[in-house]
Amino acid sequence: MNPKLPAYAVHLFTATGAVLAMLAMLAAVAGAWSLMFLWLVVALIVDGLDGPLARRYHVGTYAAKIDGVILDLIIDYLTYVFIPAFALYHSGLLPGWTGWIGLGVITFASALYFADTRMKNADGTFAGFPACWNMLALVVFAVQPGFWITLAIVVALALAMFLPLKFVHPVRTRRWRWLTLPVAVGWVVLAGWSAWLDFAQPGWVGVGLVLASLYLTLAGIAMQLVPARR
């Protein structure tokens, strides 16, 4: 088989994320929050798979006419940043002036972060909070902690994007991957389940989402505090 065929097929697979983003946005405009998050969960799965596939089929060598990094960033900004910010505002979970602050902080800080050439560390972690607002928004919809808590978390995570803190990537960060990857997969399963049930999930599902989110948020910082054994 011509190695260019599977390489370009990976680009096509990545580009489906743009279609999923549009479907999620249409659902958000209609206020169909469960459907919006189901599309975003599917987009998250696509985003998790296309990287390993790109490396497996040497996309940078055999399909170099399309810049997979730029393609991925465009889709990620839509699915990780733009649509979740709109959802937090339009749903009323960040009401009034808090919604405007949330919109501005999330979109402005994330645009700068996505353009930062230092966003990835050599050990596979992210330098600063990697703008996973889709994950935060889903947990907020599922748990509904109150707008003051939500706004405080948004501001804190936006600041964390530009601080010398590490955040794990479930696949690329090798250290503790034996735990991080199952936790990430569990988060996706619980998130999909919660959205499927229109956020009327059992209480333990919400607890699981919060605990998994805390681990994924703090694991990289813990790695900084606990040096790896040589």
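Participant: Help me understand the pattern of salt bridges, please; the structure alone is not making it clear to me.
Facilitator: Pairing is possible between side chains of opposite charge, provided their charged atoms come close. Using the criterion set out here, one finds two salt bridges in the structure. Note that Arg118 is salt-bridged to Asp116, the shortest N-O span being 3.0 Å. Between Lys166 and Asp123 there is a salt bridge whose closest N-O contact spans 2.8 Å. Separated by 43 residues along the polypeptide, Lys166 in strand E2 (residues 166–167) and Asp123 in the loop between helix H5 (96–114) and strand E1 (126–127) bring together distant segments of the chain. A relative accessible area of 35% places Asp123 in the partly exposed class.

Participant: Which parts of the structure should I look at to understand the side chain of Asp50?
Facilitator: Counting through the fold element by element, Asp50 comes out in helix H2 (residues 33–56). The side chain of Asp50 is buried and forms no salt bridge, while Arg172, the nearest opposite charge, is found at 6.6 Å.

Participant: When you look at the packing of aromatic side chains in this model, what are you seeing that I'm missing?
Facilitator: Each aromatic ring pair is summarised here by two numbers: the centre-to-centre distance and the angle between the ring planes. Inspection of every chain in the model, using the stated rule, returns eleven aromatic pairs. With a centroid separation of 5.1 Å and an interplanar angle of 55°, the aromatic rings of Tyr89 and Trp100 are classed as tilted. With Tyr89 in helix H4 (residues 68–90) and Trp100 in helix H5, this pair connects stretches of sequence that are eleven residues apart. Exposure remark for Trp100: the relative accessible area of 58% places this residue in the exposed category. Through a chain of ring-to-ring contacts, three or more aromatic side chains come together here, namely Trp33, Phe37, Phe141 and Phe199. The cationic tip of Arg56 hangs over the ring face of Tyr57; the distance from NZ or CZ to the ring centre is 4.9 Å.

Participant: Explain the environment of Lys120 here, please?
Facilitator: Mapped onto the fold, Lys120 is located in the loop between H5 and E1. The spacing of Lys120 and Trp193 is 73 residues in sequence and 31 Å in space, taken between C-alpha atoms. In this structure, Lys120 is in contact with Thr125, Phe126, Ala127 and Arg172, ignoring residues within four places of it in sequence.

Definitions and cut-offs
- Residues numbered from 1 in each chain as written.
- Predicted model: local features only at pLDDT ≥ 70, side-chain atom pairs only at ≥ 80, totals over all residues.
- Heavy atoms only, no water.
- Salt bridge = Lys/Arg side-chain N within 4 Å of Asp/Glu carboxyl O.
- Helix = DSSP H or I, 4+ residues; strand = E, 2+ residues; numbered from the N terminus.
- Buried < 20%, exposed > 50% of the residue type's maximum accessible area, 1.4 Å probe, protein only.
- Lys, Arg positive; Asp, Glu negative; His and termini not counted.
- Phe/Tyr/Trp six-rings, centres within 6.5 Å; stacked < 30°, edge-to-face > 60°.
- Lys NZ or Arg CZ within 6 Å of the ring centre and 35° of its normal.
- Contact = heavy atoms within 4.5 Å.

Any link to function would need more than the numbers given here.
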